[in-house]
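Understanding the architecture of this molecule
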Amino acid sequence: MRKVYKNIFGEVISKSKAMKLDEYHLYYYESDSDILKEIEFINEDSIYNINYFLHEGDNEEKTLEYLKEKSDFFDIEKKEIADGFIISTSKLYSLSVDDLPLVSKTVFKADDPENFICSQVIDNETQEPQLERTVKCWYTTDENGEKYAAIECSYQEDGKLELAIDKTSDPDNEQNWAHYDYETFHELQDHFHTDISYYKTAALLPKEAYQD
């Protein structure tokens, strides 16, 4: 494994400089590659959080035991690509609270891996999404060309849209935002040339979208 030390701003620093800081991050890469395996978040020589990235061939059970020996708080993340989307499954462990993780799935467009379009919490017992905890975002650019979440959506227990907040008319002024629900969603759609039907329900991927 190849180790890279970074400060809290993500800038590469030397090990000796890192040792002098109260807080720094330690990145582990597979030898002779840029494949990131693990990030340790270190404060005053103590690991307070770990992000671990599972890759093909990794044994999740062995990884879990390995991480338990290093920290009580860590996140195991695995990514897959499907039909132009990146689906990231995250298992967040807080062993001082519970042995079971908080499991979530987050979806990104493959050509925009920075901005999530859907985030779902998964029930540990049923392995089904808790639809009422789903959040979706639709993005556009502001007058300065900066991408932002122009529509934010929340959902009911049955997966139907509960609230869509449209910020496009005035992104910085909450008083001018428009609000829609499942029944008035067609009015929101009328404002856009792009098909935004994906946002009408809590379906994880567009192809699963609920149809009346």
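Our subject in this report is the structure included herewith. Remember, predicted model here, so these are calculated numbers, not experimental data.

1. Examining the packing of aromatic side chains
If you walk through the whole model with that rule in mind, you get seven aromatic pairs. On the basis of an interplanar angle of 25° and a centroid distance of 5.0 Å, the ring pair of F74 and Y93 is categorised as stacked. Residue F74 is found in strand β6 (residues 73-82), and its partner Y93 is found in strand β7 (residues 85-94); the two are separated by 19 residues along the sequence. For Y93, a relative accessible area of 6% gives the class buried. Measuring from centroid to centroid gives 4.9 Å for W138 and F192, while their planes differ by 65°, and the two rings are edge-to-face. Residue W138 is found in strand β10 (residues 135-141), and its partner F192 is found in the segment after α3 (185-189); the two are separated by 54 residues along the sequence. Between K136 and the ring centre of Y198, over which it is positioned, the NZ or CZ distance is 3.5 Å.

2. As for helix α2 (residues 60-68)
The complete set of buried residues in α2 reads T63, L64 and L67. Buried residues of α2, seen end-on, are gathered within an arc of 100° and therefore sit on one face of the element. Turned more than 90 degrees away from the buried face of α2 sit E61 and K62, all of them exposed. Taken together, the buried residues of α2 touch β4 (36-43), β5 (46-54), β6 and β7. In this structure N59 caps α2, since a side-chain oxygen of it lies 2.9 Å from the backbone nitrogen of E61.

3. Description of the pairing of β10
Where strand β9 (residues 112-122) meets β10, two bridges bridge the pair, whose relative direction is antiparallel. Residue pairing for β10: S119 is matched across the bridge by V135. Across seven bridges, the pairing between β10 and strand β11 (residues 147-155) is antiparallel. Within the sheet, the bridge partner assigned to Y139 lies in β11 and is A149. Once β10 ends, the chain turns through five residues before running back antiparallel as β11, passing G145 with a positive phi of about 85°.

Rules behind the numbers
- Residues numbered from 1 in each chain as written.
- Predicted model: local features only at pLDDT ≥ 70, side-chain atom pairs only at ≥ 80, totals over all residues.
- Heavy atoms only, no water.
- Phe/Tyr/Trp six-rings, centres within 6.5 Å; stacked < 30°, edge-to-face > 60°.
- Helix = DSSP H or I, 4+ residues; strand = E, 2+ residues; numbered from the N terminus.
- Buried < 20%, exposed > 50% of the residue type's maximum accessible area, 1.4 Å probe, protein only.
- Lys NZ or Arg CZ within 6 Å of the ring centre and 35° of its normal.
- Arc of directions from axis to C-beta.
- Contact = heavy atoms within 4.5 Å.
- Polar contact = N/O pair within 3.5 Å; in protein donor to acceptor, adjacent residues only side chain to side chain.
- Pairing = 2+ DSSP bridges.

Purely spatial values, then, with no claim about function.
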